[in-house]
Amino acid sequence: MAATAASTFSVASVSYGSQGSKAKPFNCRFNSPNYLKSFSGLKAAGSVRCESEESFFGQDSSTALRASFAVRAEKPNKGLETCFQPQASFKVAILGAAGGIGQPLSLLIKMSPLVSALHLYDIANVKGVAADLSHCNTPSQVLDFTGQAELGNCLKGVDVVVIPAGVPRKPGMTRDDLFNINANIVKTLIEAVADNCPDAFIHIISNPVNSTVPIAAEILKQKGVYNPKKLFGVTTLDVVRANTFVAQKKNLKLIDVDVPVIGGHAGITILPILSKTRPSVSFTDKEVEDLTVRIQNAGTEVVEAKAGAGSATLSMAYAAARFVESSLRALDGDSDVYECSYVQSELTDLPFFASRIKIGKEGVEAIIPADLQGLTEYETKALDALKPELKSSIEKGVTFAQKKETPASV
């Protein structure tokens, strides 16, 4: 496409604040008297004008965006033109980067202007993924690492580790069916994380998350480097699905919808708190039940639709990339980053629980209790019902991690 004198792009993200979360439209116009320069697939040049009610990723959008660009004078023969370059400064490692989630997730993270280095690890086929992504004109340098022997080098000095490694769900398979395979994979990977980047944010995607996060916690404890503020179970997909389904059901503008989801990340442990949907909307009892069940079984919906050809890889990659970007913004100093995540928690009598959290430079800054207050009768009963199953999954993970297991090849 030919470049024009001005170009506008519009994207939507979710801004989480103390009063809840709300998606905001964000527009940015790049103008140039002569021609447009290319960055991240967008056309950028002499001036940047931001148009946003709040933030692209938080409340202070204009400040955040401007802070991500450094204006530098061109050589004299370029006149008054300036070049905008992102201040990319964070290293991200994706463990399982050649898989169904890992590949699209790697692409989405490659697009982040905050990432300076993207380390891709898998047991095979990762060189091609890295070569492909390295052609994208975004700031991060892409490096590939194959097999156990290269895992340590992949992890050295990284700020965020994302773990989508493991086998996918197949028709008729529950998340617990994945346990014996994926538990060993996560255990081995976390041991390497503990040895090489113990201070990194750790994002667990590998299912069953209700068990793999406790496994990771126990391994980190055994290594003497456990920091509960930096271990996250990625449950963002449950929120993404809840927002989508509610917007469709109630004919709402999708970017305005936010539904908190608490509990865990499997079946009935996934509890959307529909009574706290923003903007405020009323549901019949049947709508609440139908929506709750659909959100809880959405993964199965995709598995069945793919008829054995895979699971929810694309939507999971999208949701994980959103959580990674939130973590990067927090590390970069954004003081208004809120997401739902499965973390060590004291909100209930369970040691791990998914709820809205505030993320800062050091990890979890606060666990927000508001979404568990003033629940409806349906939500209260559902919360009581999920606890025994979630407790069992947590205990299963802890027991596994405390056993002497033969590490899996990862």
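Everything that follows concerns the structure shown earlier in this document.
Residues numbered from 1 in each chain as written. Predicted model: local features only at pLDDT ≥ 70, side-chain atom pairs only at ≥ 80, totals over all residues. Heavy atoms only, no water.

So what exactly am I meant to see when it comes to the packing of aromatic side chains here?
Under the criterion given, the structure shown has 4 aromatic pairs. For the ring pair Phe179 and Phe400, a centre distance of 5.6 Å and an interplane angle of 85° mean the geometry is edge-to-face. With Phe179 in helix α5 (residues 179-196) and Phe400 in helix α11 (residues 377-402), this pair connects stretches of sequence that are 221 residues apart. Here Phe179 and Phe400 have matching classes, each one buried. Note on Phe232 and Phe323: the rings are 5.5 Å apart at their centroids and 65° apart in plane angle, and the pair reads as edge-to-face. You can see Phe232 sitting in strand β13 (residues 231-233) and its partner Phe323 sitting in helix α10 (residues 313-331), a full 91 residues away along the chain. With a relative accessible area of 0%, Phe232 lands in the buried category. What links up through ring pairs into an aromatic cluster is the set Phe201, Phe232 and Phe323. Above the ring of Phe245, the side-chain terminus of Arg294 is found at 3.7 Å from the ring centroid. Lying across the ring of Phe179, Lys396 places its NZ or CZ 4.6 Å from the centre. (Phe/Tyr/Trp six-rings, centres within 6.5 Å; stacked < 30°, edge-to-face > 60°. Helix = DSSP H or I, 4+ residues; strand = E, 2+ residues; numbered from the N terminus. Buried < 20%, exposed > 50% of the residue type's maximum accessible area, 1.4 Å probe, protein only. Lys NZ or Arg CZ within 6 Å of the ring centre and 35° of its normal.)

Looking at this structure, I do not really get the packing of helix α6 (residues 209-222) against α11. What am I missing?
Two measures define how a pair of helices packs: the angle their axes make with one another and the distance between the axes. At their nearest, the axes of α6 and α11 sit 7 Å apart, and the two run at 35° to each other. Regarding α6 and α11, the two cross each other, and that crossing is right-handed. Taken together, the residues of α11 that come into contact with α6 (itself represented by Asn210, Ser211, Pro214, Ile215, Glu218, Ile219 and Gln222) are Leu390, Ser393, Ile394, Lys396, Gly397, Val398, Phe400, Ala401 and Gln402. A per-class count over the contact of α6 with α11 returns 8 nonpolar, 6 polar and 2 charged. (Axes fitted to C-alpha atoms, helices over the stretch in contact; angles between N-to-C directions. Left-handed = near helix turned anticlockwise from the far one by under 90°. Contact = heavy atoms within 4.5 Å. Nonpolar A, V, L, I, M, F, W, Y, C, P; charged D, E, K, R; others polar.)

Sorry if this is basic, but what is going on with the pairing of strand β12 (residues 201-204) here?
For a regular strand, side chains alternate in direction, first toward one face of the sheet and then toward the other. Side chains Phe201 and His203 project from β12 onto one buried face, and the interleaved Ile202 and Ile204 project onto a second face that is buried too. Relative to β13, β12 runs parallel, the two being bridged by 3 bridges. Bridging from a neighbouring strand, Ile204 pairs with Gly233 of β13. Between the parallel pair β12 and β13, the chain is carried across by α6, and the sense of this crossover is right-handed. (Pairing = 2+ DSSP bridges. Right-handed = clockwise from strand over helix to strand, strands pointing away.)

Quick question: what am I supposed to make of the environment of Asn207 here?
Relative to the assigned elements, Asn207 resides in the loop between β12 and α6. Judged by relative accessible area, Asn207 falls into the buried class, the value being 15%.

Mind showing me how you'd approach a nonpolar patch on the surface here?
Where nonpolar side chains cluster on the molecular surface, the patch consists of Leu107, Leu108, Met111 and Tyr318 and spans about 370 Å² of accessible area. Secondary-structure assignment places Leu107 in helix α2 (residues 102-110). (Patch = residues over 30% accessible without salt bridge, like charges linked within 9 Å, V, L, I, M, F, W, Y side chains within 5 Å. Areas by Shrake-Rupley, 256 points an atom, 1.4 Å probe, with all protein chains shown as cover. Salt bridge = Lys/Arg side-chain N within 4 Å of Asp/Glu carboxyl O.)

Even after reading the chapter, I still don't get the pairing of strand β10 (residues 141-146), so can you show me in this structure?
Both strand β9 (residues 115-122) and β10 contribute to a ladder of 6 bridges, which runs parallel. Following the sheet pairing, Asp122 is matched in β10 by Thr146. As for the winding sense of the linkage, the β-α-β connection from β9 through helix α3 (residues 126-133) to β10 is right-handed.

What exactly am I supposed to notice about the nonpolar core here?
For soluble globular proteins, nonpolar side chains are generally found buried alongside one another. The biggest cluster of nonpolar side chains holds 50 residues, and the ones touching the most others in it are Leu95, Leu155, Val161, Ile163 and Ile190. Those elements giving two or more residues to this core turn out to be β8 (90-95), α4 (148-155), β11 (160-163), α5, β12, α6, β17 (352-360) and α11. Per-element accounting of this core gives the leading share, 9 residues, to α5. Dropping the residues within four chain positions of it, Ile190 is found in contact with Ile163, Ile202, Ile204, Ala216, Ile219 and Leu220. By size, the runner-up hydrophobic cluster in this structure holds 40 residues, among which are Val92, Ile94, Met316 and Ala317. (Core = buried A, V, L, I, M, F, W, Y, C linked by side-chain atoms within 4.5 Å.)

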